[in-house]
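# Examination of the molecular architecture
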Amino acid sequence: AQSVTQLGSHVSVSEGALVLLRCNYSSSVPPYLFWYVQYPNQGLQLLLKYTSAATLVKGINGFEAEFKKSETSFHLTKPSAHMSDAAEYFCAVSYSGNTPLVFGKGTRLSVIA
Amino acid sequence: KAGVTQTPRYLIKTRGQQVTLSCSPISGHRSVSWYQQTPGQGLQFLFEYFSETQRNKGNFPGRFSGRQFSNSRSEMNVSTLELGDSALYLCASSQAGLDQETQYFGPGTRLLVL
């Protein structure tokens, strides 16, 4: 079965520090990969997605992610954390054939002043 | 364009009751998916509708059902509510439900079962 693993249910960084949220997927076929963010009491908002056009994907709010096939990873990074980045982040994967999104368990990001 | 809207935003029900949640997709979007979000299980796929037909279904009991209307609006119904059905129910829409398409999520309906 397809699965997504997000390492670390909670990550805490200082304001201005590097943000690194990890995502690994299980797949033997090329996937489509997504990162979503969820702020309290809100739905999910797309940060970025990988659809095989380029391995380094830039998203909104200064986030980017790199698709590494050899490592089956799609880690999310941001060079400098802002207080407003505090939220829950979800990595998701889908495959060809109208399959639904499969989400990781999520990583809660805290930003310390 | 208006985003995905869900009504109601909050619901409190008691065990054994049934509930209907509504989702209006972004104009022009024909695919609507439903997800259940709980602290323990995370985000789990319920079902997807496209052109009034259920195209995909997750691993949920038959108490969970849905439908889609000709204007792409969708409803989901949960019958004989159980305490474990307490969750945030999210609806997402996309143009055609293709794998590489972005799904746009609504704010969710928070259901509490007492």
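Above this text you will find the structure in question.
Every value quoted in this text rests on a predicted model; they were computed, and no experiment measured them.

### Some thoughts on the nonpolar core
The nonpolar side chains of a soluble globular protein tend to be buried, and buried together. By size, the foremost hydrophobic cluster in this structure holds 27 residues, and its most contacted members are Trp35(A), Leu47(A), Leu48(A), Phe74(A), Leu76(A) and Tyr89(A). Listing elements by their share of this core, those giving two or more residues are strand S2 (10-14), strand S3 (19-21), strand S5 (32-38), strand S6 (44-50), strand S8 (64-68), strand S9 (73-78), strand S10 (87-94) and strand S12 (107-112) of chain A. Among the elements that take part in this core, S10(A) stands out by supplying 4 residues, more than any other. Non-local contacts of Leu47(A), meaning those with residues more than four positions away in its chain, are made with Trp35(A), Tyr36(A), Val37(A), Gly59(A), Ile60(A), Asn61(A), Phe63(A), Leu76(A) and Tyr89(A). In terms of nonpolar packing, the next biggest core, distinct from the first, is built from 21 residues, Val4(B), Tyr49(B), Phe64(B) and Leu111(B) among them.

### Comments concerning a nonpolar patch on the surface
Residues and elements named next belong to chain B. Taken together, the side chains of Ile 12, Leu 112 and Leu 114 define a hydrophobic patch exposed on the protein surface, amounting to about 300 Å² of accessible area. With respect to the helices and strands, Ile 12 occurs in strand S2 (residues 10-13). The class of Ile 12 is exposed, set by a relative accessible area of 60%.

### Some details on the sheet that holds strand S7 (residues 64-68) of chain B
All names here are of chain B. Taken together, 4 strands build an open sheet; the order of strands is S1-S3-S8-S7 and the sheet is antiparallel. Bordering the open sheet on either side are strand S1 (5-7) and S7, each of which pairs with just one other strand. Pairs of neighbouring strands in the sheet enclose a mean axial angle of 20°, with direction left out of account.

### Side note on the pattern of salt bridges
Residue and element names in this part refer to chain A. Taken as a whole and assessed by the stated rule, the structure comprises 8 salt bridges over all chains. The partner of Glu 64 in a salt bridge is Lys 58, with the nearest N and O atoms 2.8 Å apart. Take Glu 64: its relative accessible area is 24%, and that puts it in the partly exposed class. Given a relative accessible area of 62%, Lys 58 falls into the exposed group.

### Brief notes about empty space enclosed by the protein
Evaluated as defined, the whole model comprises 2 cavities of 30 Å³ or more. One number sums up the size of the largest cavity: a volume of about 130 Å³. Around the largest cavity, the lining comprises 18 residues; the ones closest to its centre are Thr99(A), Pro100(A), Leu101(A), Gly97(B) and Gln103(B). Counting only elements with at least two residues in the lining of the largest cavity, the list comes to strand S4 (31-38) and strand S5 (42-50) of chain B. Here the element with the most residues in the lining of the largest cavity is S4(B); it accounts for 3 residues. Estimates place the volume of the second largest cavity at around 40 Å³. Every residue lining the second largest cavity is listed: Asn41(A), Arg9(B), Tyr10(B), Leu88(B), Pro107(B), Gly108(B) and Arg110(B).

### Points about the environment of Gln103(B)
Mapped onto the elements, Gln103(B) comes out in the loop between strand S9 (87-94) and strand S10 (104-105). Along the sequence, Gln103(B) and His29(B) sit 74 residues apart, while their C-alpha atoms lie 9.9 Å from each other. Those residues within four positions of Gln103(B) in sequence are excluded, and the remaining contacts are Tyr36(A), Leu101(A), Ser33(B), Tyr35(B), Ala92(B), Ser93(B) and Ser94(B). At 3.1 Å, the side chain of Gln103(B) and the side chain of Tyr35(B) are in polar contact.

Basis of the calculations
Residues numbered from 1 in each chain as written. Chains lettered and ligands numbered in written order. Predicted model: local features only at pLDDT ≥ 70, side-chain atom pairs only at ≥ 80, totals over all residues. Heavy atoms only, no water. Core = buried A, V, L, I, M, F, W, Y, C linked by side-chain atoms within 4.5 Å. Buried < 20%, exposed > 50% of the residue type's maximum accessible area, 1.4 Å probe, protein only. Helix = DSSP H or I, 4+ residues; strand = E, 2+ residues; numbered from the N terminus. Contact = heavy atoms within 4.5 Å. Patch = residues over 30% accessible without salt bridge, like charges linked within 9 Å, V, L, I, M, F, W, Y side chains within 5 Å. Areas by Shrake-Rupley, 256 points an atom, 1.4 Å probe, with all protein chains shown as cover. Salt bridge = Lys/Arg side-chain N within 4 Å of Asp/Glu carboxyl O. Pairing = 2+ DSSP bridges. Axes fitted to C-alpha atoms, helices over the stretch in contact; angles between N-to-C directions. 1 Å grid on protein atoms, 1.4 Å probe; cavity = no way out; pocket = protein on both sides within 12 Å on 5 of 7 lines; lining within 4 Å. Points joined across faces, edges and corners; volume = space filled by probe spheres on them. Polar contact = N/O pair within 3.5 Å; in protein donor to acceptor, adjacent residues only side chain to side chain.

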